[in-house]
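Residue-level listing of the chains:
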Amino acid sequence: MTVPTESDQFARELRRWRERRRFSQLDLAIRTDTTQRHLSFLEQGRSRPGRAMVVRLAESLELPLRERNELLLSAGYAPIYPESRLDAPELGPVHEALERILDGHMPYPAVVVRPYGELVAANPAFAVLSEGAAPALLEPPVNVLRLALHPDGMARRVGNLAEWGRHITGSLRDQARRAPAPGLAALIEELDGYLPDLESPAGHLGFAVPLLLRVPEGELRLITTLTSFATAVDVTLSELRLEAFLPADEATATILTRRAGD
């Protein structure tokens, strides 16, 4: 099945993604198992790719599923990856599995988010992160990144806001470089505006940034893990992320365990 498309749209998109990935034409040709000459013709709009070639190019460029569909459309082919609603029956087993994972992570906080921080689900321990936040920040759809860095959210309780906050915005910039999205630049600018200046200590390496969060019982030291559905074939599922917070010391584990038991 094909759909109408502008003749040189695919050529522009292919060249744009190749340059964004910093591949030479030869690099991409080798990865895609084609010739540099053929790839050059595709980028000039002199050759029209077959559907299988578009799929191979998208895989070689390591595009997210949404962008793979868009590349297919630009070449005149129908998308091959479905995009289900979050409440679609076919995603029911996924929701059940995620709920079990969230419950199993207790007494530590864990959330499931869509791209750029939109909250999908959370376990009861999420309350330690959201407590004291302005009601407006907790109205659906909740953006956990805005909740984390906004002055009326977690920010006033974060002991290392400048460092931890820039770890968040730095990750978003990496995502923007790999897959630009509407509104993402504005979100990064907004979040940056909430952060104080950072004075990097001597010897700071910058890759391990625990969250230091003040609570009535003391200070929590939390590290995070991110999990994605690497083999998903549904756009919606491929974009979900599970973020789990883990205690970085015994005192944090004790506080969270006691909270869960109250």
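Predicted, not measured: the structure shown is a model, and the values here were computed from it.

Scoring rules and cut-offs
- Residues numbered from 1 in each chain as written.
- Predicted model: local features only at pLDDT ≥ 70, side-chain atom pairs only at ≥ 80, totals over all residues.
- Heavy atoms only, no water.
- Salt bridge = Lys/Arg side-chain N within 4 Å of Asp/Glu carboxyl O.
- Helix = DSSP H or I, 4+ residues; strand = E, 2+ residues; numbered from the N terminus.
- Polar contact = N/O pair within 3.5 Å; in protein donor to acceptor, adjacent residues only side chain to side chain.
- Pairing = 2+ DSSP bridges.
- Axes fitted to C-alpha atoms, helices over the stretch in contact; angles between N-to-C directions.
- Contact = heavy atoms within 4.5 Å.
- Buried < 20%, exposed > 50% of the residue type's maximum accessible area, 1.4 Å probe, protein only.
- Lys, Arg positive; Asp, Glu negative; His and termini not counted.
- Parallel < 35°, antiparallel > 145°, perpendicular 65-115°, else oblique.
- Left-handed = near helix turned anticlockwise from the far one by under 90°.
- Nonpolar A, V, L, I, M, F, W, Y, C, P; charged D, E, K, R; others polar.
- Expected span 1.5 Å × (residues − 1).

### Here we look at the pattern of salt bridges
Point 1. All told, the structure shown has 15 salt bridges when counted by the stated rule.
Point 2. For Arg66, the salt bridge goes to Glu83, with nearest N and O atoms at 2.8 Å. Placement of Arg66 in helix H5 (residues 65-74) and of Glu83 in the loop between H5 and helix H6 (92-104) is noted, with a sequence separation of 17 residues between them.
Point 3. Here Arg146 makes a salt bridge to Glu190, at a shortest N to O gap of 2.7 Å. You can see Arg146 sitting in helix H8 (residues 144-149) and its partner Glu190 sitting in helix H10 (residues 184-193), a full 44 residues away along the chain.

### Some words on the side chain of Thr169
Point 1. By the secondary structure assignment, Thr169 is in helix H9 (residues 161-178).
Point 2. A distance of 3.4 Å separates a polar side-chain atom of Thr169 from the backbone oxygen of Arg166.

### Notes on the sheet that holds strand S4 (residues 218-228)
Point 1. Across the sheet, which stays open at both edges, the 5 strands sit in the order S2-S1-S5-S4-S3 with antiparallel pairing between neighbours. With partners counted over all chains shown, the strands left at the sheet margins are strand S2 (119-122) and strand S3 (211-215), one partner each. Ignoring strand direction, the axes of neighbouring strands in this sheet form an average angle of 30°.
Point 2. Pairing of strand S1 (residues 110-113) with strand S5 (residues 241-247), which is carried by 4 bridges, proceeds in the antiparallel orientation.

### Thoughts on the environment of Thr34
Point 1. The topology assignment puts Thr34 in the loop between helix H2 (25-32) and helix H3 (36-44).
Point 2. Note: C-alpha distance between Thr34 and Leu57 (23 residues apart in sequence) is 9.7 Å.
Point 3. When near neighbours in sequence (up to four residues on either side) are disregarded, Thr34 contacts Ala29, Met53 and Arg56.

### Notes on the side chain of Arg68
Point 1. With respect to the helices, strands and loops of the structure, Arg68 is situated in helix H5.
Point 2. In this structure Arg68 is buried but unpaired, with Glu59 as the nearest side chain of opposite charge at 4.3 Å.
Point 3. With residues up to four places along the chain from it excluded, the contact list for Arg68 reads Ala58, Glu59, Glu62, Leu63 and Tyr81.

### A closer look at the packing of H2 against helix H4 (residues 51-60)
Point 1. For the pair H2 and H4, interaxial distance at closest approach is 9 Å and the crossing angle is 115°. In terms of their interaxial angle, H2 and H4 are classed as roughly perpendicular. Judged by the sense of rotation from one axis to the other, the crossing of H2 with H4 is right-handed. Side by side, H2 and H4 meet where Leu28, Arg31 and Thr32 of the first sit next to Met53, Arg56, Leu57 and Ser60 of the second.
Point 2. Class assignment for the residues of the contact of H2 with H4 results in 3 nonpolar, 2 polar and 2 charged.

### Structural notes on the environment of Val120
Point 1. Looking at the element boundaries, Val120 is found in strand S2.
Point 2. Judged by its relative accessible area of 28%, Val120 is partly exposed.
Point 3. On a C-alpha basis, the gap between Val120 and Pro196 in space is 29 Å, while along the polypeptide they are 76 residues apart.
Point 4. Among residues more than four places away in sequence, those in contact with Val120 are Leu86, Val112, Val113, Arg114 and Leu240.

### Section: the pairing of S3
Point 1. Most of S3 is tucked away, with 4 of its 5 residues classed as buried.
Point 2. Relative to S4, S3 is paired through 5 bridges, and the arrangement is antiparallel. When the sheet's bridge partners are listed, Arg214 is paired in S4 with Glu219.
Point 3. Connecting S3 to the next strand, S4, in antiparallel fashion are 2 residues.

### Some points on the packing of helix H1 (residues 9-20) against H3
Point 1. It is the contact of H1 with H3, at a shortest axis distance of 6 Å, that shows an interaxial angle of 120°. Our classification of the angle between H1 and H3 gives oblique. Contact residues: Phe10, Ala11, Leu14, Arg15 and Arg18 in H1; Leu39, Leu42, Glu43 and Gln44 in H3.

### Focus on H9
Point 1. Taking 1.5 Å of rise per residue, 18 residues should cover 26 Å, and H9 covers 26 Å from first to last C-alpha, within 8% of that figure.
Point 2. Leu161, Ala162, Trp164, Gly165, Ile168, Thr169 and Leu172 are the residues of H9 that are buried.
Point 3. Its buried side turned inward, H9 meets H8, H10 and S3.

Everything listed is a geometric property; what it means functionally is a separate question.
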